[in-house]
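Structure at a glance
The primary structure of each chain is shown beneath.
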Amino acid sequence: MDKEFVPYEEALELKHLLFNEPCFGWYSNMEGNVFRQGYCETYLGIENCAKAPTFSQAFRWFREKYNLHAEPYTANMGAIEYCFQIRDLYSEKYVYDNFVGAGASYSGTFNTPEEAELACLRKLIEIVKNK
Amino acid sequence: MDKEFVPYEPALELKELGFDEPCFGYYKNDHFTFFVDMLNCNSNSVFRLYPTAPTFSQAFRWFDEVHGLTSTIDWMTRTQPSHSGYIVYFRGKNNPLNDENFLPIYGDTLHGMYVFKTRPEAELACLKKLIEIVKNK
């Protein structure tokens, strides 16, 4: 199940962006950023402790709060490769597409969906921070 | 958080297909219950008796890893805004699903792909189609 959860660094960034949804667990920095199941409001007031959303929860939050739709997708480049796009649902226009190029000279793909998800989340955080 | 979880009927079908991953909860008599100790739920006897309740993300990841089926929920913008919405398509990682290795959920109009108005609708349809593809293998 650990693939489901946003890593500690990104969870902390989300906390700084005021992400405050119910989560299945949280990160305690007092034990080396260990994932803890459940909810502990006492420690979440401590700097560097953070709720641990799943990627799905985080993407849903960006969609509902910022109208930014994360679109991890696959490209068939001989073998399946993973990429992502981010769309502004209000304008319906892409604000970012990780896949660049065409034919034999392309870039921005990943070998696993997990890598694409993490890169997508980092980009969403960057976009919102720069607003 | 309930939007995250696969409903009871598809959860039951996933169990029948052999889904056996640790989950955050399970269904007992159609009712969702959180595992108290989800990190150790593999050894929990309850896990063996009742269908577990994966999140949509867990289910999609399982189809990707176990069955080599990738799924994408994308947005399609159409000329008429009321026709825009979410589309769903699949690719096979190891074996192409068709000549183009691109299998969308089709609609019943001349426009081809079915357009879902909300993401939850698209997610559920995506899951049901994955279950159907595996059952028909």
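To start, this report covers the structure provided alongside it. (Residues numbered from 1 in each chain as written. Chains lettered and ligands numbered in written order. Predicted model: local features only at pLDDT ≥ 70, side-chain atom pairs only at ≥ 80, totals over all residues. Heavy atoms only, no water.)

As for the overall build of chain B
The helix and strand tally for chain B stands at four helices and six strands. The helix and strand sequence of chain B, counted from the amino end, reads α-β-β-α-β-α-β-β-β-α. Counted over contacts in chain B with a minimum sequence separation of 6, partners at least 24 positions apart contribute 57%. As displayed, chain B offers around 7200 Å² of accessible surface, 51% of which is attributable to carbon and sulfur atoms. (Helix = DSSP H or I, 4+ residues; strand = E, 2+ residues; numbered from the N terminus. Contact = heavy atoms within 4.5 Å. Areas by Shrake-Rupley, 256 points an atom, 1.4 Å probe, with all protein chains shown as cover.)

A few points about the pairing of strand E5 (residues 85-92) of chain B
Residue and element names in this part refer to chain B. With eight of its eight residues buried, E5 lies for the most part within the structure. As paired elements, E5 and strand E6 (residues 103-104) share two bridges and run antiparallel to each other. Residue pairing across strands places Phe90 opposite Leu103, the latter belonging to E6. (Buried < 20%, exposed > 50% of the residue type's maximum accessible area, 1.4 Å probe, protein only. Pairing = 2+ DSSP bridges.)

Focus on the interface of chain A and chain B
The interface is formed by 33 residues belonging to chain A together with 35 residues belonging to chain B. Of the roughly 2800 Å² buried between chain A and chain B on both sides combined, carbon and sulfur atoms contribute 50%. Here chain A and chain B share seven salt bridges between them. Salt-bridge contacts for Glu65 of chain B lead to Lys3 of chain A; the nearest nitrogen and oxygen are separated by 2.5 Å. (Buried area = accessible area lost by both parts, 1.4 Å probe. Salt bridge = Lys/Arg side-chain N within 4 Å of Asp/Glu carboxyl O.)

Overview of the pattern of salt bridges
Summed over all chains, the structure comprises 15 salt bridges over all chains. Between Glu71 of chain A and Arg87 of chain A there is a salt bridge, with the nearest N and O atoms lying 2.9 Å from each other. Placement of the pair is Glu71 of chain A in strand E4 (residues 68-77) and Arg87 of chain A in strand E5 (residues 79-88), with a sequence separation of 16 residues. Each member of the pair, Glu71 of chain A as well as Arg87 of chain A, is classed as buried. Across the salt bridge formed by Lys93 of chain B and Asp64 of chain B, the nearest N and O atoms sit 2.7 Å from each other. In this pair, Lys93 of chain B sits in the loop between E5 and E6 while Asp64 of chain B sits in helix H3 (residues 56-67), placing the two residues 29 residues apart along the sequence. What makes Asp64 of chain B buried here is its relative accessible area of 7%. A single network of salt bridges, built from pairs that share partners, joins Glu4, Glu114 and Glu117 of chain A together with Arg61 of chain B.

Focus on the packing of helix H3 (residues 55-66) of chain A against helix H4 (residues 113-129) of chain A
All names here are of chain A. Look at H3 against H4: their axes get within 11 Å of each other, and the N-to-C directions meet at 30 degrees. By the criterion of interaxial angle, the relationship of H3 to H4 is roughly parallel. In the packing of H3 onto H4, the handedness of the crossing is left-handed. Of the residues in H4, those in contact with Phe55, Ala58, Phe59, Phe62 and Tyr66 of H3 are Glu117, Leu118, Cys120, Leu121, Leu124, Ile125 and Val128. Across the contact of H3 with H4, the residue classes break down as 11 nonpolar, no polar and one charged. (Axes fitted to C-alpha atoms, helices over the stretch in contact; angles between N-to-C directions. Parallel < 35°, antiparallel > 145°, perpendicular 65-115°, else oblique. Left-handed = near helix turned anticlockwise from the far one by under 90°. Nonpolar A, V, L, I, M, F, W, Y, C, P; charged D, E, K, R; others polar.)

So, the side chain of Asp64 of chain B
In this structure the side chain of Asp64 of chain B is engaged in a polar contact, spanning 2.7 Å, whose partner is the side chain of Lys93 of chain B. Contacts of Asp64 of chain B, omitting those with residues within four sequence positions, involve Tyr82 and Pro113 of chain A together with Leu69, Thr70 and Lys93 of chain B. (Polar contact = N/O pair within 3.5 Å; in protein donor to acceptor, adjacent residues only side chain to side chain.)

Details of the packing of aromatic side chains
For the structure shown, the criterion picks out 21 aromatic pairs over all chains. For the ring pair Tyr8 of chain A and Tyr27 of chain A, a centre distance of 5.7 Å and an interplane angle of 80 degrees mean the geometry is edge-to-face. On the criterion of sequence distance, the pair formed by Tyr8 of chain A in helix H1 (residues 8-16) and Tyr27 of chain A in strand E1 (residues 25-28) is long-range, its members being 19 residues apart. In this structure Tyr27 of chain A comes out as buried when scored by relative accessible area, which is 8%. Where Trp61 of chain A meets Tyr66 of chain A, the ring centres are 5.5 Å apart and the plane angle is 80 degrees; that geometry is what we call edge-to-face. Accessibility classification places Trp61 of chain A together with Tyr66 of chain A in one group, the buried group. Taken together, Phe5 and Phe24 of chain A together with Phe5, Tyr8, Phe24, Tyr27 and Phe32 of chain B form an aromatic cluster joined through their ring pairs. Lying over the aromatic face of Tyr94 of chain A, Arg87 of chain A brings its terminal NZ or CZ to 4.0 Å of the ring centre. (Phe/Tyr/Trp six-rings, centres within 6.5 Å; stacked < 30°, edge-to-face > 60°. Lys NZ or Arg CZ within 6 Å of the ring centre and 35° of its normal.)

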